[in-house]
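So you can see what is in the structure, the chains are spelled out below.
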Amino acid sequence: MRTPPIIHLEQVTKSYDKGPQPILALQGVSLEIRRGEFVAVMGPSGCGKSTMLHLMAGIDRPTSGEIGFEGKPFSAMDETQLTRLRRERVGIVYQLYNLLPHLTLGENVALPLLLAGSLLRDVQQRVAEAIQGLDLTERINHWPHQLSGGEMQRAAVARAVITRPSLLLADEPTGNLDSKAGEAVLTLLQTLNRQEGYTVVLATHSQQAASYAQRIVHLRDGRILE
Amino acid sequence: MISRVRALLLLLGRGVEHSPVRTTLTIFGIGIGVAAFAAIQLANRSVLASFHRTIDAVAGRSALTVTAGEVGFDETLLLTVRAAKGVQSAAPLVLNVAPVDGRPGEVLLVLGVDLLAEEAFREYLLAGQDEAVDLKILLQPETLFLSRPFATTHGLAVGDHITLLTGSRRRSFTIRGLLEPRGPARALEGHLALMDIATAQESFDRIGRLDRIDLVLEETAGIDTTATELAQVLPHHLTIERPEGRNQQVEKMLAAFRLNLNALSAISLVVAAFVIYNTLSLSVIQRRRQIGILRSLGVTGGEVAALFIGEALVLGGIGSLMGLGLGYLLAGQVLNTVSRTISHLYGFIRVTAVEFDPFTVLTAFGLGLSSSLLAALHPSLHAGRLTVREALDPGLASPHSRRPALLSLLGLLLLSGAYWASRQGAVGSTPLFGYVALVLLVLGGALLTPSALLGFSWAIRNLGQRVPGGTGLLLASHLSGYRGRHAVAVAAMMTALGMLIGLAIMIGSFRGTVEVWVQETIRADLVVTPASRFTKGVRAILPSELSDRVRAIAGIAAVDPFTGLKIAFRGRELLLAAGDFEVVAARGRLLFLRGDSSAILRGAKAQEGIIISETVALTHGIHSGDQVLIHTPNGAASFPVAGIFYDYTTDGGKIAMDRSLFRRHWGEQGINVLAVYLTSDADPDVMTERIKRAGEGAAILVMRNQDLKRRVLEIFDQTFAVTHALRIIAVIVAALGILNVLWASVLERQREIGILRSVGASRGQVFRVVLQEAGLLGLLAEILGVIIGLFLALVLIHVINKQSFGWSILFAFPPTILVTSAGLVLLTSLLAGFLPALYASRVNIADAVKYE
Ligand SMILES: Nc1ncnc2c1ncn2[C@@H]1O[C@H](COP(=O)(O)OP(=O)(O)O)[C@@H](O)[C@H]1O
Ligand SMILES: [Mg+2]
């Protein structure tokens, strides 16, 4: 049985015109990701992975083509609606510096809820639950510069899912971690996918990391290899 | 080596290229500081130069001058002087300042000269002639020579008539020649008329009197020995001095006034230094990566530090140059206010153009450059100390590395120093320690800002937890996280605001005090003065019969004739005043430090004593009951001091005595002002008319009580008009500080903003956080500024003004200042925060989160 796609890309092209000659980061990419899938977008550095994830999160717009979230096209959404989408339906984890340096780990994790209008004291419980089992409970009042890279990334993942979004995007989340810390993060993503039913899209250049996913999409020079 | 230098220069260029806004702001900050400094200094110098030029021009070739304040002296003394050993020739002078009738505000310095004696002293050149003037033409009655520039300006030619107010009379003179602006004709910027001494004596009611004798000495005679010689043969109330002595007196007279202006200009520089410090710290933070790369390529820490210092010098140089240009333009404006104030307070002066003074220009430039250097020192050394690892890994930029506790301790130390300095006495008559206290206060306050920010952000964190939206938390985190940099902006704003508030409180208190004083002491219903009276420096006398005539008018209860004379007292000039103490005791009032006005005045009259103003008491350490020696034209006399009264005029103090006592020692000197008291049923308008009729067409003014009071307050307000410039500086600084800090922090926080937006912050939320940050910085600066301002005001009132002028000012806190300054600051902060906030809310998320 085919579940409806949670996100789909249709002939998406993205070019950057700022430099001396335009750079085509994505060229006619079409892709469907269904609810509950764990997809790895794999390819070497510069092939367009980040660009693709940014487009999926609605933090950048394609040059041509269409992207839709649960059937609804991004082109029909304004900035406010995209902000709502990010706040409620999409969680993002980047390669580095996901945490705001002047908030504690706990505050960082709580941030999406606070931005949505909750009070810190009302969400303490939820934050505590979210980092349970992530080996972060003791670190809840620490500042980011006091944390290890693995701890920071796990906290970033916890923050990305605190609003229980439909889609979790992770852009090279292990790129700066040693293999042990990296594995912990990848296992966490896998658990979220398998046990909590999150749809996960992981961008990575590493075969090893991609192997955690159910499906691998190969990207080269802005095109999907079939 | 060469390539390393090139790499360094490239980095320098990049910095400017990458943050054009901030670079511009820095240059502007320095420019404004230097401009304010240069403008005030140039105006000051121009005024002083004009005074000196007048004095020097009139002094001509004389080596010594003999003067006696405004009393003047008997012309027979000329013979004594000529007979003295060492004197080759002596030229008598009668000097008067006369308003030009029908041309309000125009004044001429009228020189009455002895034609036979002049040649050796001064050279005059008539327009249209090559040889020196034949002064004999002046012997015709009612004749004068006028300086050509003045005549040209007013469309006057040889043969025309000009009417002068000589005391309370109008007199018409025929212009017989025009003087080229050379020699004495340069005095008062060309506002000069030359008369025969007899004509001058007659016109100005000075028959038989001289104001000055100029001396040329025999070649072998020493100046000092001749001066000693003369002092022995001349009466004691005469002053024998070199012409430079007069210049020194002018400098002394203006010193207090100029000190206030100097303080103002120094503050603008301090504030500029804050802006530079701020910008450079940011520029170091922003270029950490570049620094790291350079360091890893083998560039030494010293070279990195030198690079940033170099950048500061370049920016400081450009800013200072710009500031000089701007300052030159501004100086014209300042000059107007300054010369008007001086004309009111100290004597007529006419300064038309700002003079280019290389010394001031160099000083301003040097100060701009050195404050840039000073401000750059800490951030540059910090840049030099960064290790490669620290510089390359932004994660290592520990956000809590500053030590607020240590800074606070230092701040408290400086504040105690300020307290100590404020308890010290004056040095000479300069409140040197008062100024030290001001500086320590500002610096101490600045060092406390990081702690204040920390406390502030703590409060906001707690408050923010009660307000939904998460922005409170973000705000608090920014305030504490970036407090090192915020502290600099807040400190700069606090300084500017503190000065503004301190001055406002001081001026407000002063005005309040003067208002009470005016209300209490100006009791006469009408005041009669010569029309020329309100031009300072004009010795104007009322018609001699007027006093008796006015007294005889029905409806007039009492008349108090007032005479004021400038005399030398213990090496300084002050005003000797005489009035009818009985009338003042019965109807008027003076505010005494202690005791009842009527009792003291009657007591003074009975014991043939004097009363002195607070200023005189403080400057010379005189107390009630002391005996005071004064040199009168009839020799030295000793007077008991019956009381000390408050006085807020700037004549360098007053000594007052009853008329009868005055007349015994100084003779009949004419009456300057008549204070008139009416019977209760008399109508002031009718009385004014009758008094004018009694004056028989003399140029007199009759002012009503409330007109005079208003006039006094008007002059007061004008005196402080200069300080309005500070208000503008404060606003600009506040705006620059906030704009600079927020702009930089928005640039630096791009990634944070990107993350925020990624996790669901809306544009509006980002916009609000930045704008609220601006508002909060402004608010904190306001709170600290009010506290610092309060203490600054206390120092200004109780130390600076007390020590330099001897005025007692009653401290009064005007609550409106809180509202107006807070309104001003918030508005400025929000305006300054608007652009950075807009920029932040429009940040491209994808670009911002990219890790390179
Ligand atoms: N803002 C941008 N401006 C210009 N070129 C860009 C920009 N962002 C990415 N690119 C270019 O687009 C291509 C794809 O980049 P990216 O999506 O970051 O690749 P990846 O994440 O797979 O390494 C690269 O060649 C990169 O240089
Ligand atoms: Mg990438």
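Residues numbered from 1 in each chain as written. Chains lettered and ligands numbered in written order. Predicted model: local features only at pLDDT ≥ 70, side-chain atom pairs only at ≥ 80, totals over all residues. Heavy atoms only, no water.

## What to know about the overall build of chain A
(1) Moving on: Assigned secondary structure in chain A consists of 7 helices and 10 strands.
(2) Moving on: In terms of overall dimensions, chain A is globule-like: its C-alpha atoms have a radius of gyration of 17 Å, near the 17 Å expected for 226 residues.
(3) Moving on: Its C-alpha atoms give chain A principal-axis dimensions of roughly 45 × 45 × 40 Å.
(4) Moving on: Here chain A holds 226 residues, and 54% of them are scored as buried. (Helix = DSSP H or I, 4+ residues; strand = E, 2+ residues; numbered from the N terminus. Rg over C-alpha atoms; globule rule 2.2 N^0.38 Å. Buried < 20%, exposed > 50% of the residue type's maximum accessible area, 1.4 Å probe, protein only.)

## A look at helix α13 (residues 404-422) of chain B
(1) Moving on: Taking 1.5 Å per residue, 19 residues should reach 27 Å; α13(B) reaches 26 Å between its end C-alpha atoms and fits that length.
(2) Moving on: When we look at burial in α13(B), the residues that qualify are P404(B), S408(B), G411(B), G417(B), A418(B), A421(B) and S422(B). (Expected span 1.5 Å × (residues − 1).)

## Looking at the domain arrangement of chain B
Residues and elements named next belong to chain B.
(1) Moving on: Each assigned domain of chain B is listed here: domain 1 (1-58 + 244-397), domain 2 (64-241) and domain 3 (543-697).
(2) Moving on: The C-alpha centroid of domain 3 is placed 31 Å from the C-alpha centroid of domain 2.
(3) Moving on: With 8 residues of domain 2 at the contact, the number on the domain 3 side is 12 residues.
(4) Moving on: Between domain 2 and domain 3 the total buried area reaches about 820 Å² when both faces are included, carbon and sulfur atoms providing 58% of it.
(5) Moving on: Looking only at domain 2, the three residues that lose the most surface to domain 3 are E70, V71 and H237, adding up to 57% of its buried area.
(6) Moving on: At the junction of domain 2 and domain 3, the tally comes to 0 salt bridges.
(7) Moving on: Taken together, domain 2 and domain 3 are joined by 0 residue pairs in polar contact (both at pLDDT 80 or more).
(8) Moving on: Here the residues of the side of domain 2 that touches domain 3 are counted per class, giving 1 nonpolar, 5 polar and 2 charged. (Domains from an automatic or database assignment. Contact = heavy atoms within 4.5 Å. Buried area = accessible area lost by both parts, 1.4 Å probe. Salt bridge = Lys/Arg side-chain N within 4 Å of Asp/Glu carboxyl O. Polar contact = N/O pair within 3.5 Å; in protein donor to acceptor, adjacent residues only side chain to side chain. Nonpolar A, V, L, I, M, F, W, Y, C, P; charged D, E, K, R; others polar.)

## Description of the interface of chain B and chain A
(1) Moving on: Between chain B and chain A, the contact holds 37 residues from the first and 31 residues from the second.
(2) Moving on: Buried surface at the junction of chain B and chain A, both sides included, amounts to about 3100 Å², of which 62% is carbon and sulfur.
(3) Moving on: Connecting chain B to chain A are 2 salt bridges.
(4) Moving on: Put simply, E79(A) and R757(B) hold a salt bridge, and the shortest N to O gap is 2.7 Å.

## Quick look at the sheet that holds strand β15 (residues 610-613) of chain B
Residues and elements named next belong to chain B.
(1) Moving on: Spatially, 9 strands are ordered β16-β17-β15-β18-β14-β13-β19-β12-β20 in an open sheet, and the strand pairing comes out mixed. Looking at the sheet topology across the chains shown, the edges are occupied by β16 (627-632) and β20 (700-704). The mean inter-strand angle of the sheet, taken between neighbouring strand axes irrespective of direction, is 30°.
(2) Moving on: Relative to strand β17 (residues 635-645), β15 is paired through 4 bridges, and the arrangement is parallel. Residue pairing for β17: I611 is matched across the bridge by G643.
(3) Moving on: Of the strands in this sheet, β12 (526-530), β13 (556-569), β19 (673-678) and β20 are in contact with helix α22 (residues 684-694), which crosses β20 at around 165°. (Pairing = 2+ DSSP bridges. Axes fitted to C-alpha atoms, helices over the stretch in contact; angles between N-to-C directions.)

## Focus: the packing of aromatic side chains
Residues and elements named next belong to chain B.
(1) Moving on: Summed over all chains, the structure comprises 9 aromatic pairs over all chains.
(2) Moving on: Taking the centre distance of 5.0 Å and the plane angle of 45° together, the rings of F510 and W807 count as tilted. Separated by 297 residues along the polypeptide, F510 in helix α16 (residues 483-521) and W807 in the loop between α26 (763-805) and α27 (816-841) bring together distant segments of the chain. As far as the burial class goes, F510 and W807 line up, both buried.
(3) Moving on: Relative to F645, the ring of F592 lies with its centre 6.2 Å away and its plane at 75°, an arrangement referred to as edge-to-face. With F592 in the loop between α18 (581-587) and α19 (597-606) and F645 in strand β17, this residue pair connects regions lying 53 residues apart in the sequence.
(4) Moving on: Note on F592: relative accessible area 8%, which makes it buried. (Phe/Tyr/Trp six-rings, centres within 6.5 Å; stacked < 30°, edge-to-face > 60°.)

## A closer look at the sheet that holds strand β8 (residues 199-204) of chain A
Hydrogen bonding along the main chain pairs the strands of a sheet, whether they run parallel or antiparallel.
Residue and element names in this part refer to chain A.
(1) Moving on: What the 6 strands build is an open sheet, ordered β6-β7-β8-β3-β9-β10; its pairing is mixed. In this open sheet, the two strands that pair with only one neighbour each are β6 (90-93) and β10 (223-225). On average, each strand axis in the sheet is tilted by 25° relative to the strand beside it, whichever way the strands run.
(2) Moving on: As paired strands, strand β3 (residues 38-42) and β8 are joined by 5 bridges and run parallel to one another. Within the sheet, the bridge partner assigned to V39 lies in β8 and is V201.
(3) Moving on: Those strands touched by helix α1 (residues 49-57) are β3, β6, β7 (167-171), β8 and β9 (215-220), and its axis lies near 155° from that of β7.

## Let's talk about the nonpolar core
(1) Moving on: Among the nonpolar cores identified, the biggest contains 178 residues, and I7(A), M52(A), M56(A) and F510(B) are the most heavily contacted of them.
(2) Moving on: Structurally, this core is a two-domain feature, drawing no fewer than three residues from each of domain 1 (1-58 + 244-397) and domain 3 (543-697) of chain B.
(3) Moving on: The residues touching M52(A), leaving out its near neighbours within four places in the chain, are L9(A), L26(A), V29(A), L31(A), V41(A) and L219(A).
(4) Moving on: Core analysis: the next-biggest nonpolar cluster, separate from the first, contains 39 residues, A68(B), A84(B), A151(B) and M195(B) among them. (Core = buried A, V, L, I, M, F, W, Y, C linked by side-chain atoms within 4.5 Å.)

## Here's the deal with unusual backbone geometry
Residues and elements named next belong to chain B.
(1) Moving on: Although it is not a glycine, D205 sits at a positive phi angle of roughly 55°.
(2) Moving on: Residue position: D205 is located in the loop between α6 (197-203) and β9 (209-210).
(3) Moving on: Despite not being glycine, E608 shows a phi value in the positive range, around 55°.
(4) Moving on: Examined against the element boundaries, E608 turns out to sit in the loop between α19 and β15.
(5) Moving on: Overall, E608 belongs to the partly exposed group, its relative accessible area being 38%.

## Comments concerning the side chain of D658(B)
Residues and elements named next belong to chain B.
(1) Moving on: Topologically, D658 is positioned in strand β18 (residues 654-658).
(2) Moving on: Polar side-chain contacts of D658 include one of 2.7 Å to the backbone nitrogen of F581.
(3) Moving on: Apart from the residues within four sequence positions on either side, D658 is in contact with G579, D580, F581, E582 and K605.

## As for the site of ligand 1
(1) Moving on: Among the 14 residues in the neighbourhood of ligand 1, the closest are listed as G46(A), K49(A), S50(A), T51(A) and K850(B).
(2) Moving on: With respect to ligand 1, its neighbouring residues span chains A and B.
(3) Moving on: One of the side-chain nitrogen or oxygen atoms of S50(A) is found 2.8 Å away from an oxygen atom of ligand 1.
(4) Moving on: Between D847(B) and ligand 1, the recorded distance is 3.2 Å, taken from a side-chain N or O atom to a nitrogen atom.
(5) Moving on: Out of a free accessible area of 560 Å², ligand 1 has 73% covered by protein chains.
(6) Moving on: Listing elements by their share of the shell around ligand 1, those giving two or more residues are β2 (23-34) and α1 of chain A.
(7) Moving on: The element best represented in the shell around ligand 1 is α1(A), accounting for 3 residues. (Near = heavy atom within 4 Å. Areas by Shrake-Rupley, 256 points an atom, 1.4 Å probe, with all protein chains shown as cover.)

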